[in-house]
Every structure is written in structure tokens, then in C-alpha cells.
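Working through the structure, step by step
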Amino acid sequence: MSDDSTLSSASKLNTADIVSQFKSLDRSQPANWPVYPQLVLYFFVAVAVLALGWFLYLKTVDSDLVAAVAQEDQLKQTYLDKYAQAVNLDALEEQRKQVQRYVTQLEKQLPSKAEMDALLSDINQAGLGRGLQFDLFKPGSIVAKQYYAELPIDVKVTGRYHDIGQFAADIASLSRIVTLNNINLSPEKDGSLGLTTTVKTFRYLDPDEVQSKPAEPAPASK
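Quick look at the structure, then. These numbers come from a predicted model, not from an experiment. (Residues numbered from 1 in each chain as written. Predicted model: local features only at pLDDT ≥ 70, side-chain atom pairs only at ≥ 80, totals over all residues. Heavy atoms only, no water.)

**Observations concerning the overall build of the chain**
Check the secondary structure of the chain and you find 6 helices and 5 strands. Expressed as a percentage of its 222 residues, the buried residues of the chain come to 19%. Across the chain, the fraction of contacts at a sequence separation of at least 24, relative to all contacts at a separation of at least 6, is 55%. With an accessible surface of roughly 16900 Å², the chain has 59% of that area assigned to carbon and sulfur atoms. (Helix = DSSP H or I, 4+ residues; strand = E, 2+ residues; numbered from the N terminus. Buried < 20%, exposed > 50% of the residue type's maximum accessible area, 1.4 Å probe, protein only. Contact = heavy atoms within 4.5 Å. Areas by Shrake-Rupley, 256 points an atom, 1.4 Å probe, with all protein chains shown as cover.)

**Some thoughts on the packing of aromatic side chains**
A full pass over the atoms with the stated rule returns 5 aromatic pairs. Taking 6.4 Å as the distance between ring centres and 85° as the angle between the ring planes, the aromatic pair formed by Phe 134 and Phe 167 counts as edge-to-face. Placement of the pair is Phe 134 in strand 1 (residues 133-139) and Phe 167 in helix 5 (residues 161-172), with a sequence separation of 33 residues. Classification of Phe 167 by relative accessible area gives buried; the value is 0%. Three or more aromatic residues joined by ring pairs form one cluster here, namely Phe 134, Phe 137 and Phe 167. (Phe/Tyr/Trp six-rings, centres within 6.5 Å; stacked < 30°, edge-to-face > 60°.)

**Remarks on the pattern of salt bridges**
If you walk through the whole model with that rule in mind, you get 7 salt bridges. Put simply, Lys 76 and Glu 72 hold a salt bridge, and the shortest N to O gap is 3.5 Å. One end of the pair, Lys 76, and the other, Glu 72, are both in helix 2 (residues 35-87), 4 residues apart, so they sit about a helical turn from each other. Residue Lys 76 is classed as partly exposed on the basis of its relative accessible area of 46%. (Salt bridge = Lys/Arg side-chain N within 4 Å of Asp/Glu carboxyl O.)

**Some details on helix 5**
For helix 5, built from 12 residues, the straight-helix expectation of 16 Å at 1.5 Å per residue is met to within 8% by its first-to-last C-alpha distance of 17 Å. Looking at the packing, one finds that the buried side of helix 5 touches helix 4 (116-129), strand 1, strand 3 (148-159), strand 4 (178-187) and strand 5 (193-204). (Expected span 1.5 Å × (residues − 1).)

**A short note on the environment of Gln 133**
Positionally, Gln 133 belongs in strand 1. C-alpha of Gln 133 to C-alpha of Val 157: the two residues are 24 residues apart in sequence and 5.3 Å apart in space.

**Describing the packing of helix 4 against helix 5**
Taken N-terminus to C-terminus, the directions of helix 4 and helix 5 make an angle of 150°; their axes are 9 Å apart at the nearest point. Between helix 4 and helix 5, the angle is such that the two are roughly antiparallel. Helix-helix and strand crossings are classified by hand; for helix 4 and helix 5 the assignment is right-handed. Facing Ile 123, Ala 126 and Gly 127 of helix 4, the residues of helix 5 in contact are Phe 167, Asp 170 and Ile 171. Taken together, the residues of the contact of helix 4 with helix 5 sort by class into 4 nonpolar, 1 polar and 1 charged. (Axes fitted to C-alpha atoms, helices over the stretch in contact; angles between N-to-C directions. Parallel < 35°, antiparallel > 145°, perpendicular 65-115°, else oblique. Left-handed = near helix turned anticlockwise from the far one by under 90°. Nonpolar A, V, L, I, M, F, W, Y, C, P; charged D, E, K, R; others polar.)

**Section: the nonpolar core**
In this structure, Ile 153 and Phe 167 are the most contacted members of the largest nonpolar core, which totals 18 residues. Secondary structure elements with two or more residues in this core: helix 4, strand 3, helix 5 and strand 5. Broken down by element, this core gets its largest block of residues, 5 residues, from helix 4. Sequence-distant contacts of Ile 153, that is, excluding residues within four places in its chain, are made with Leu 120, Ile 123, Phe 137, Lys 138, Pro 139, Gly 140, Thr 197, Thr 198, Val 199 and Thr 201. (Core = buried A, V, L, I, M, F, W, Y, C linked by side-chain atoms within 4.5 Å.)

**Some details on helix 4**
Every α-helix carries 3.6 residues per turn, so stepping three or four residues along brings you back to the same face. The terminal C-alpha atoms of helix 4 lie 20 Å apart, and with 14 residues this matches the ideal 20 Å at 1.5 Å per residue to within 8%. Among all positions of helix 4, only Met 116, Leu 119, Leu 120, Ile 123, Ala 126 and Gly 127 are buried. Projected down its long axis, helix 4 shows its buried positions confined to an angular sector of 115°, all on one face. For helix 4, the exposed residues lying more than 90 degrees away from the buried face are Asp 117 and Gly 129. Considering only its buried residues, helix 4 is in contact with strand 1, strand 3, helix 5, strand 4 and strand 5. (Arc of directions from axis to C-beta.)

**Considering the side chain of Thr 158**
By secondary structure assignment, the location of Thr 158 is in strand 3. Residue class for Thr 158 comes out buried when judged on its relative accessible area of 10%. For Thr 158, the residues in contact, after removing those within four places along its chain, are Leu 132, Gln 133, Asp 135, Glu 188, Ser 192, Leu 193 and Gly 194.

**Concerning the pairing of strand 5**
Most of strand 5 is tucked away, with 9 of its 12 residues classed as buried. Sheet analysis places strand 3 next to strand 5, joined by 12 bridges and oriented antiparallel. Looking at strand 5, one finds that Pro 152 is bridged to Lys 200. If you look at the hairpin formed by strand 4 and strand 5, you'll find 5 residues sitting between the two strands, and Gly 191 has a positive phi there, around 90°. (Pairing = 2+ DSSP bridges.)

Fair warning: the whole summary comes from geometry, so function is off the table for now.
As C-alpha cells, this is what we get:
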């Protein structure tokens, strides 16, 4: 009985002593606080530091997660695009071959530099063959494009209406590409009809001409 009574008294005394340490604390001097208040202060400070660090860590992880989700959507879309291209690869390859054949066919319609004189002669003969009179046949300056060059020719012919129409049809049926531009029809004093137009012929550039041609400036960005 005496031992239990002694332990109970010691426990009450210890608890009372701890509680008394939290009374009349000087908040401006925590270093002078008793042991138990300092331990409690250290505990709360440690918890606050851990909570702040955890919050900052989670904030960084959250931003990384958002970026990863956005990248995942982008990668999914890229995968779908590549997959669609892979599925249609045979069809795309066939389309590419068709375009190459079409380009080759168009290139065959463009004369070389050496064949230009023969083409100009064909245009002249197309008019003479229809009984037209050439009042003007004046080649202009060659305009070089990226892969081809165009030669404008100022032409004026006079003759009957149907002959001029047949002349235009003959120009269209030439094996080379020839176009009639800025067409103007006007009656002449002798009762005939006059056709004034700019005939444009085209030829492809030789490889040496393509290499020596200065690069065209890039279009200005909006």
C-alpha cells in the first residue's frame, strides 16, 4: 500500500511540474523556456517544416504531372498520325508514283533551249497555214522561274474570224505548252479581223541553269 501511494504521489507531482512549466512563458525568449515547452516547440516546428516541404514537393510533382499528361496526349496524336500514314503507305506510294508520272509527262511538253527555235517556227507556221497575216511577231525577254523559263511573244495577226479561231485551236493542239494571253479582237479597215495577243511558250531549265540561278527570297511571314 505504501509503495502504490508513493508512486501515485510522484506521478501527480511530475504532471503538476510539467503543467507548471507551460505557465508564464516569455514568448520573446524561447531559448530560456523549460525543457518540456522547448520540446513541444521543437515538435511543432519540425511538423511545420515537414508539412511545408511536403506541400512544395507535391506542388512540383503536380506541375510535372500536368506536363506529362499534356505530352502523353501529344504523343498519342503523333502515334495516330504515324499509324494512319503506315496503314495508307501503299496508297500514298502509288499516289507519289502517279504524281511523278504526271510531272514527267508535263516536262516532256516543255522544250529545251535548243528546241525553242523550232517551237517559234511552229507557231509562225500555224498562223501562215490558216492564211493569216502576221503584222507583229516580237519575242520578249525570257522570265526564269524556279524550274522553268517562259518566253512571251507579242503577236498580231489579221484574217478571217474562222481562220483566227482555227489558229487558236492549232496553238492549243501543239505538242508543246503554248498559251494565248491578253487576247484582243478588233475589226480592221479592210473588213478583216485583227487578233492581238501575248503568246507564252515555256521551256525547262537545264541543270546548269538551275544551279546558277539565284535562290528566290522566302515569303515574308505574317
